Amino acid sequence: MSAVIKKTKKKYQLALSIELLIFITVFLVLLAVQPSNAVSFLLGTFAIFVPYCMFVFLMFFKTAKNTHQLTTFYRGGAIKFICTIILIVVAFKFFPTINYVVFFIGYFLALLLNNLLPVMVTKMFRI
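Below, the structure is looked at part by part. What you see is a predicted model; the values in this text were computed from it and never measured. (Residues numbered from 1 in each chain as written. Predicted model: local features only at pLDDT ≥ 70, side-chain atom pairs only at ≥ 80, totals over all residues. Heavy atoms only, no water.)

### Re the overall build of the protein chain
Here comes step 1: For the protein chain, the count of helices and strands is 4 helices and 0 strands.
Here comes step 2: Mapped from its N terminus to its C terminus, the protein chain presents α and β elements in the order α-α-α-α.
Here comes step 3: With respect to the principal axes defined by its C-alpha atoms, the protein chain has extents near 45 × 30 × 15 Å.
Here comes step 4: Taking all 127 residues of the protein chain together, 32% fall into the buried category.
Here comes step 5: Taking the contacts inside the protein chain whose residues are at least 6 apart along the sequence as the reference set, 72% of them involve residues at least 24 apart.
Here comes step 6: If you sum the accessible surface of the protein chain, you get close to 8,200 Å²; carbon and sulfur atoms cover 74% of it. (Helix = DSSP H or I, 4+ residues; strand = E, 2+ residues; numbered from the N terminus. Buried < 20%, exposed > 50% of the residue type's maximum accessible area, 1.4 Å probe, protein only. Contact = heavy atoms within 4.5 Å. Areas by Shrake-Rupley, 256 points an atom, 1.4 Å probe, with all protein chains shown as cover.)

### Structural notes on the packing of helix α2 (residues 35-61) against helix α3 (residues 69-94)
Here comes step 1: Between α2 and α3, the least distance of the axes is 9 Å, while the angle of their chain directions is 160°. Between α2 and α3, the interaxial angle falls into the category roughly antiparallel. Read as a crossing pair, α2 and α3 show a hand that is right-handed. Side by side, α2 and α3 meet where Leu-43, Phe-46, Ala-47, Ile-48, Val-50, Pro-51, Tyr-52, Met-54, Phe-55, Leu-58 and Met-59 of the first sit next to Gln-69, Thr-72, Phe-73, Gly-76, Gly-77, Ile-79, Lys-80, Cys-83, Thr-84, Leu-87, Ile-88 and Ala-91 of the second.
Here comes step 2: Looking at side-chain class alone, the contact of α2 with α3 contains 17 nonpolar, 5 polar and 1 charged residues. (Axes fitted to C-alpha atoms, helices over the stretch in contact; angles between N-to-C directions. Parallel < 35°, antiparallel > 145°, perpendicular 65-115°, else oblique. Left-handed = near helix turned anticlockwise from the far one by under 90°. Nonpolar A, V, L, I, M, F, W, Y, C, P; charged D, E, K, R; others polar.)

### Considering α3
Here comes step 1: Taking 1.5 Å of rise per residue, 26 residues should cover 38 Å, and α3 covers 37 Å from first to last C-alpha, within 8% of that figure.
Here comes step 2: Where α3 is concerned, the buried positions are Thr-72, Gly-76, Cys-83, Thr-84, Ile-88 and Ala-91.
Here comes step 3: In this structure, the buried side of α3 is in contact with α2 and α4 (100-125). (Expected span 1.5 Å × (residues − 1).)

Written out as C-alpha cells, the structure reads:
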C-alpha cells in the first residue's frame, strides 16, 4: 500500500470522527433545548453522513479486485446517491412529525462538513 493511500485513509478517519463528534454535540444541545427538533436534525445529518461513510469505505478501505479506480469511484457515487434517496424517503415516510427545515439544516450542514473537513484536516494536521 502506498504512502499516499495511507495518508488519505488517516485523513478521512480523522475527518469522519470529527464530523460525527460535531453531529453528536449539536444533537445533544438540540435535545436539551428542543427535543422535537433533535430527531429531525439527526435524521437529516445521517441521511447524507451514512452514504458518505459508505463511499469512503468503498474508495479507501475495501480491497478492490478491480484495479480501475474510476469504475470504483462511479460505482461508489451511484451507491451513495441511491442510499441517500432511500434514507430521505424513509425519514419522510416513517417520521410524519419531522420538521423539514431542521432536517435540511442538518442535511446541508453534513454536506458542507463532508466537503470541508478533509481539506481542513489536511491543513491543520499536515496529513
